[in-house]
Amino acid sequence: MIKSLIIILLLLALGALILLVALRLRDSHADAALAERLESASAEPPPRFSAAMLEGLPEPAARFFRFAVQPGTPLKTRAVITMSGTLALSGDGSEQTMRARQVLAPPHGLIWPVRLSGLPFVTGTDAFAGGESWSRFRVFDLVPVGRISEDADHRRSSFGRMVGEGLFWTPAAFLPAAEVGWDRIEWRAVGDNSAAVTVEKDGLVQEARIDLAADGRPLRAVFPRWSNENPERIYRRQPFGGDLSEFRNFEGFRLPTMVTGGNHYGTPEYFPFFKARVENVTFL
């Protein structure tokens, strides 16, 4: 009797392991397929940046692009960003060391596979591309601890992330003259040292603002994100943002390599759960 029970338990455990491995392989295939799609650049060479492309933009927006893009730079909009830093996922605010390789390609999408150190170690992926998005996290790279997909609220939130991060890491994607494929893109001044952009793609609309130094260097990026990161766990628009510093030149773009951000930016509830140091940016 005991022997039979042990055999049954072993068979059940083996079946569960097979299912987990199959799910992990399916997730890996989806991640790889999306990364390959986002990294596939157009066969046509992109236009090169010139001052004439800034005509008609409000002064703060033009100042931002003059800082972020050197004259003559090919206006590439798809980037692979390797980063390290810390991430706080738990409610107590404890941080874990992270490493990630993000493919960022506004307006087409993003994918952010990340690995967190610790015991148990955690791996996961945040992704957005057109009509789909997902967040999938696992302990020991196998056991699911959080999965969201095929959810309209998550898709809207992920679109906001792509816009917010793309603004300072892939600035050419937000230059109207580059014509990268937004359904709509509009810039407006917000005072003397801030500019806001509104973009639309496939029915999703997002605004994001950058605050600038006198030389056009972006100090912070802020946007109203559709999120349920609140005590009520209700999706609503709430401020999300981050501080930008330690700029370096990557292929003609001056980009921040230190980004600290989180939910409820600018309010007493703000907690910077994301602290990233960029190691390299490669434009495709």
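So, how was this worked out
- Note on numbering: residues in each chain are counted from 1, in written sequence order.
- Local features are withheld for residues below a pLDDT of 70 in this predicted model, meaning they are given only at 70 or higher, and side-chain atom pairs are given and counted only at 80 or more; totals for whole chains, interfaces and linings count all residues.
- To get the side-chain values, all heavy atoms of the structure are used, and hydrogens and water are removed first.
- Exposure categories follow from relative accessible area, calculated using a 1.4 Å probe and restricted to protein chains: below 20% of the type maximum is buried, above 50% is exposed, and the middle band is partly exposed.
- We count a stretch as a helix when DSSP gives it H or I for four or more residues in a row; a strand needs E for two or more, and each element gets its number in order from the N terminus.
- Here the rule is simple: two strands pair whenever DSSP picks up at least two bridges between them.
- Note on definitions: salt bridges are taken to be side-chain nitrogens of Lys or Arg within 4 Å of carboxyl oxygens of Asp or Glu.
- What counts as a ring pair is set by centres within 6.5 Å for rings of Phe, Tyr and Trp (its six-membered ring), and what kind of pair is set by the plane angle: stacked under 30 degrees, edge-to-face over 60, tilted for all other angles.
- Geometrically, a lysine NZ or arginine CZ counts as sitting over a ring once it is within 6 Å of the ring centre and also within 35 degrees of the ring normal.
- The term nonpolar core refers to a set of buried residues drawn from Ala, Val, Leu, Ile, Met, Phe, Trp, Tyr and Cys, joined through side-chain atoms within 4.5 Å.
- Contacts are assigned to residue pairs with any non-hydrogen atoms lying within 4.5 Å of each other.

Undergrad: Which residues make up the pairing of strand E8 (residues 194-201), and what values go with them?
TA: Buried residues dominate E8, accounting for 7 of its 8 residues. Summarising the sheet, strand E7 (residues 184-189) and E8 pair through 6 bridges and their orientation is antiparallel. Paired with Glu186 across the two strands is Thr198, which belongs to E8. Where E7 hands over to E8, the hairpin turn is made up of 4 residues, of which Gly191 adopts a positive phi near 80°. Looking at chain direction, E8 and strand E9 (residues 204-212) are connected through 8 bridges and run antiparallel. Looking at E9, one finds that Ser194 is bridged to Asp211.

Undergrad: So, the pattern of salt bridges: which residues are in play, and what are the values?
TA: Within the structure shown, the criterion is met by 22 salt bridges. A salt bridge links Glu132 to Arg37, with the nearest nitrogen and oxygen atoms 3.4 Å apart. Highlighted residues: Glu132 in strand E5 (residues 132-139) and Arg37 in helix H1 (residues 2-39), separated in sequence by 95 residues. Of the residues examined, Glu132 reaches a relative accessible area of 35% and is grouped as partly exposed. Looking at Arg37, the relative accessible area reads 46%, which means it is partly exposed. In this structure, the salt-bridge partner of Glu59 is Arg63, at a minimum N-O distance of 2.8 Å. Taken together, the positions of Glu59 and Arg63, both in helix H2 (residues 59-68) and 4 residues apart, correspond to about one turn of that helix. Within the structure, one salt-bridge network assembled from shared partners comprises Arg24, Asp27, Arg136, Arg138, Asp141 and Arg147.

Undergrad: I'd like a description of the packing of aromatic side chains, backed by residues and values.
TA: Applying the stated criterion across every chain yields a total of 15 aromatic pairs. When the ring of Phe65 is compared with that of Trp187, the centres are 5.6 Å apart and the planes differ by 80°; the resulting orientation is edge-to-face. Taken together, the residues span a long stretch of sequence, with Phe65 in helix H2 and Trp187 in strand E7 at a distance of 122 residues. Residue placement shows Arg254 over the ring face of Phe67; its charged tip is 4.0 Å from the ring centre.

Undergrad: Which residues make up the nonpolar core, and what values go with them?
TA: In this structure, Phe174 and Trp187 are the most contacted members of the largest nonpolar core, which totals 62 residues. When residues of this core are assigned to their parent elements, the largest contribution, 6 residues, is made by helix H3 (residues 152-169). Apart from residues no more than four positions distant in its own chain, Phe174 is found in contact with Phe65, Pro106, Val163, Gly166, Leu167, Trp182, Ile185, Trp187, Val197 and Val199. By size, the runner-up hydrophobic cluster in this structure holds 10 residues, among which are Ala105, Ala127, Ala129 and Trp134.

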